[in-house]
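Each chain, letter by letter, is given below.
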Amino acid sequence: MRDFLNTLRIEWLKVKYYRTFWILLAVIVVCIPAFNYVIYDFTDNNFPKINGQNLLGNPFSFPFVWNTVPYNAGILIFMPAILIITLFTNEYSYRTHRQNIIDGWSRNRFIAVKLTEVFLLTIFVTGVVALTCLYFGWLTHKTSEPGVGWRQTRYILYFFVEMLDYSLIAVLFAMLIRRAGLAMGIFFLYMIIEQFVVSLGRNKYKVTWVDYLPEEVADRLIPQPFGRRMITPVNNALWEKHVPLYLSIALLYIIIYIFVVSWRFRKSDL
Amino acid sequence: MAPILSLKNISKSYGRIKALQDVSFDVPDGSVFGILGPNGSGKTTLLGIVMDVLVTNAGSYRWFGNPPTEKQRKKIGTLLETPNFYHYLSAKHNLEIAAAIKQKPVSDIDRVLKLVRLYERKDSKFQTYSLGMKQRLAIAACLLGDPSVLVFDEPTNGLDPSGIAEIRELIIELAAAGKTIILASHLLAEVEKVCTHVAILQQGVLIKSGEVSSALSQEEWLELGSDETEKLREVLDRIPGVKEIIRSGNHFQVFFNTPSPEASWLNRFCFEQGIVLNYLQPRKKSLESAFIELTNNVSN
C-alpha cells in the first residue's frame, strides 16, 4: 500500500508543474457550475409559469437537482476525457512510458497507477458535480420538507459510473492511437457515430439493442430531467425497472476496458 | 561469478522482418561490453528486450544470474535510443521523477547534473535544451544513485566533438571504477577506445562475441624506411617470421606470421645489418577495418 502511494506521488510529480493539466482542470471545475447556471437561468426565465410554478417543474430544486446537475454535467463529459487523453498520450509522445519501465516500474504498476489516476479524476469531477447540486439546491430553496434534500442522491453514483465509462473509452483510444489530436478526434467521432446509430436504431428501426451501446447505456443511467410533468409515471417505472440492467452493463463495459487496456500494455511492445 | 547479463536464444520479429535471430551471449562483470553493428542490425531492439520495453518472440535473459524483475532495472542506469523526459518539466524535476522510480536519493541530483555540466541549467525546461544537452541529461539520469551497471545506447548521439570526448572519458572513468558498461554503438572508433568485450550483430544475427582481441583480429605490422631503400629490402628478407613485405612509396610494411617484434628490436637488427632507419612506426588494423572485413566476409 505504501509502495503504491509512493507510485501515486510520482504521478503527482508529473502533473504538479504541468500548466495544461491545471488549466484543463480549472476549465472543468468552472464549466460544470457555469453551464448549469446557464440552463438554470434559461429554464427559470423562458418557460411559462402556472400558479407560480414553472412548466418544467423545478429541476434545480431538491430533490430534482440531483438528477438535473449530473445530467447537464454529462453533456460536458468530453472535457475530462480531453484531459485524460492528454495525460496518456503525453507519455507516448515523450516516450516516458518506456523510460518509466526502464527506470524500474513494472508494466503492471504503470498501467495500474494510470488507471488509478483516471479513477481519482472521476471522483474529483463527481465531487464537483455533487457540490454544484448542493449549491443549486440551496439557491432555489424550493422545498422545506425535511429529508427531501438528500433523496435521489443515487444520481451522483450514476454520474460517477457514466464518467468512468467515458473516461475509460478515452483511455482506450489514447492507448491505441497514441497521438493526442488524433485520439481526441476519434473520441468525438465515436461519440457522434454512436449517437447517430442510437437515433437511427431506436427511432427508425425500432431496435432496443442500441440502448446498450457503450456510451448510450451509461447515458441512460441519468434520465432527461426537464418537463417532469410531461413524463408519465409509466416511463418512470420503466426506467426504474431498467436501471439495474443499465448499471450492470455499464460496469461490465468498465471491466472490459480495464482488462483490454491492461492486457495490451502488458503484452505489447512499448 | 554469474555474468551480469546473460542472453539465451533471443529472437524477435516485426511481422516478416526478423530483427533478432537466436542471439546468445554473456556480459561479464566489470567489462565494457560493446554491442556493434550497422544501423538496423538489432542493437537497440536487443537492449529494448532486456529492459522490458520490447517483447521477445523466443528466448530468455537473466540479469545478475536471475530471471528479470523491475527491481533489477532500478539498479541499472539506462539510456535507450533517445532521451525520454517530460518536455514541460525542468531538468531537476525530471530527475526527481527518475530518482523516485529508481528509489534513489533526491540529494544525488545535483551531483549528476554537475557531472554532465548541466547544473547551471537545472531549472530550465527540458524543451529548451539543445540535442546535446538532452543527451547529457539522459546520461545524468543513468548515473543517479551510482549504479554498478550502465547501459548506453549510442550515448554520443547529438554531441559535439568535445562532448563526445567528455562522454568517452566518463565511460573510461566509470569502467576504471569497476562498473559494468554495456555500450551499443555504430561508431567503432568510439568503441575501440573503451571496450574490453564485443558482440557483433548484423541483420539481427550475432556474428561474433567475446573479448575484443579474440572477436576481432586486429592485425599488427611495422612500417619502416631508410635512405638505402634497396639495401633495406634485402635486410628485411632476412628477418625471421616475416609473412609479407609490401612496398609503399619509400616505406615498407612488414607483416609477421607470429606477433610483431618490438620496434626497438627491429631497429637494432637493421642497424646491426648496416642500415640506419629514418622511419619506424608500429601499426595496428583499426577496429573499423577489422569490423568491415568481418561483416563483409559474413555477407559474402
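Just so you know, these numbers come straight off a predicted model, no measurement behind them. (Residues numbered from 1 in each chain as written. Chains lettered and ligands numbered in written order. Predicted model: local features only at pLDDT ≥ 70, side-chain atom pairs only at ≥ 80, totals over all residues.)

**Here's the deal with the overall build of chain A**
The criterion, for reference: Secondary structure elements follow DSSP: runs of H or I of four or more residues count as helices, runs of E of two or more count as strands, with numbering from the N terminus. Using C-alpha atoms as the atom set, the radius of gyration is obtained and then compared with a globule rule of 2.2 Å times the number of residues to the power 0.38. Put plainly, a residue is buried at 20 or more neighbouring C-beta atoms within 10 Å of its own, exposed at 12 or fewer, and partly exposed in between, counting only other residues' C-beta atoms, which are placed from the backbone. We call two residues in contact when their backbone-placed C-beta atoms lie within 7 Å.
Broken down by element type, chain A carries ten helices and two strands. The N-to-C order of helical and strand elements in chain A reads α-α-β-β-α-α-α-α-α-α-α-α. In terms of C-alpha radius of gyration, chain A reaches 20 Å, essentially the compact-globule figure of 18 Å for 270 residues. With 270 residues in all, chain A has 37% of them scored as buried. In chain A, 82% of the contacts between residues at least 6 apart in sequence involve partners at least 24 apart.

**Considering the sheet that holds strand S10 (residues 220-226) of chain B**
Remark on secondary structure: sheet strands pair via backbone hydrogen bonds, oriented parallel or antiparallel. All names here are of chain B. So the rule is basically this: At least two bridges found by DSSP between two strands are what make those strands a pair. Fitted lines through C-alpha atoms give the axes, limited to the stretch in contact for helices. The angle between two N-to-C directions lies from 0 to 180 degrees.
Pairing in this open sheet of four strands is antiparallel, and the strands run S11-S12-S10-S13 from one edge to the other. The sheet is open, and its two borders are formed by strand S11 (242-248) and strand S13 (277-284), each paired with just one other strand. In this sheet, neighbouring strand axes are inclined to one another by 20° on average, regardless of whether the strands run parallel or antiparallel. Summarising the sheet, S10 and strand S12 (residues 251-256) pair through five bridges and their orientation is antiparallel. Bridge assignment links Glu223 to a residue of S12, and that residue is Gln253.

**What to know about the nonpolar core**
Side chains of nonpolar character tend, in soluble globular proteins, to be buried together. Cut-off, in case you're wondering: As used here, a nonpolar core is made of buried Ala, Val, Leu, Ile, Met, Phe, Trp, Tyr and Cys residues. They are joined through C-beta atoms within 7 Å.
Counting 134 residues, the largest nonpolar core has A:Ile84, A:Ile85, A:Ala170, A:Val171, B:Leu137, B:Ala140 and B:Leu183 as its most contacted members. With residues up to four places along the chain from it excluded, the contact list for B:Leu183 reads B:Val32, B:Phe33, B:Gly34, B:Ile35, B:Phe152, B:Ile171, B:Val191, B:Val194 and B:Cys195. B:Leu224, B:Val254, B:Cys270 and B:Ile275 belong to the second-largest nonpolar core, a separate cluster that totals eight residues.

**So, the environment of A:Phe124**
Note on placement: A:Phe124 falls in helix H6 (residues 107-140). In this structure, the C-alpha to C-alpha distance between A:Phe124 and A:Val29, residues 95 residues apart in sequence, is 9.4 Å.

**Digging into the domain arrangement of chain B**
Often, the extent of an interface is quoted as the loss of accessible area upon association of its parts. Definition in use: Either an automatic procedure or a domain database provided the assignment from which the domain bounds are taken.
Along its sequence, chain B is carved into domain 1 (5-213) and domain 2 (220-284). A straight line from the C-alpha centre of domain 1 of chain B to that of domain 2 of chain B covers 44 Å.

**Regarding the packing of helix H4 (residues 78-93) of chain A against helix H7 (residues 154-177) of chain A**
Residue and element names in this part refer to chain A. Heads up, the rule is: In this scheme the crossing of two helices becomes right-handed for a clockwise turn of the near helix relative to the far one and left-handed for an anticlockwise turn of less than a right angle. Asp, Glu, Lys and Arg are counted as charged, while Ala, Val, Leu, Ile, Met, Phe, Trp, Tyr, Cys and Pro are counted as nonpolar; the rest, among them Gly, fall into the polar class.
Between H4 and H7, whose axes approach to 9 Å, the crossing angle comes to 35°. Like other packed secondary-structure pairs, H4 and H7 cross with a definite hand, here right-handed. Counting all contacts with H4, which are made through Pro80, Ala81, Ile84, Ile85, Phe88 and Thr89, the residues of H7 involved are Met163, Tyr166, Ser167, Ala170, Val171, Phe173, Ala174 and Met175. Considering only residue class, the contact of H4 with H7 consists of twelve nonpolar, two polar and no charged.

**Some remarks on helix H5 (residues 131-143) of chain B**
Residues and elements named next belong to chain B. The criterion, for reference: The length a helix should cover is 1.5 Å for every residue beyond the first.
For H5, built from 13 residues, the straight-helix expectation of 18 Å at 1.5 Å per residue is met to within 8% by its first-to-last C-alpha distance of 19 Å. Most of H5 sits inside the fold, with eleven of its 13 residues counted as buried. Listing the buried residues of H5 in full gives Met133, Lys134, Gln135, Arg136, Leu137, Ala138, Ile139, Ala140, Ala141, Cys142 and Leu143. Following H5 by one or two positions, Gly145 adopts a phi angle in the positive range, close to 75°.

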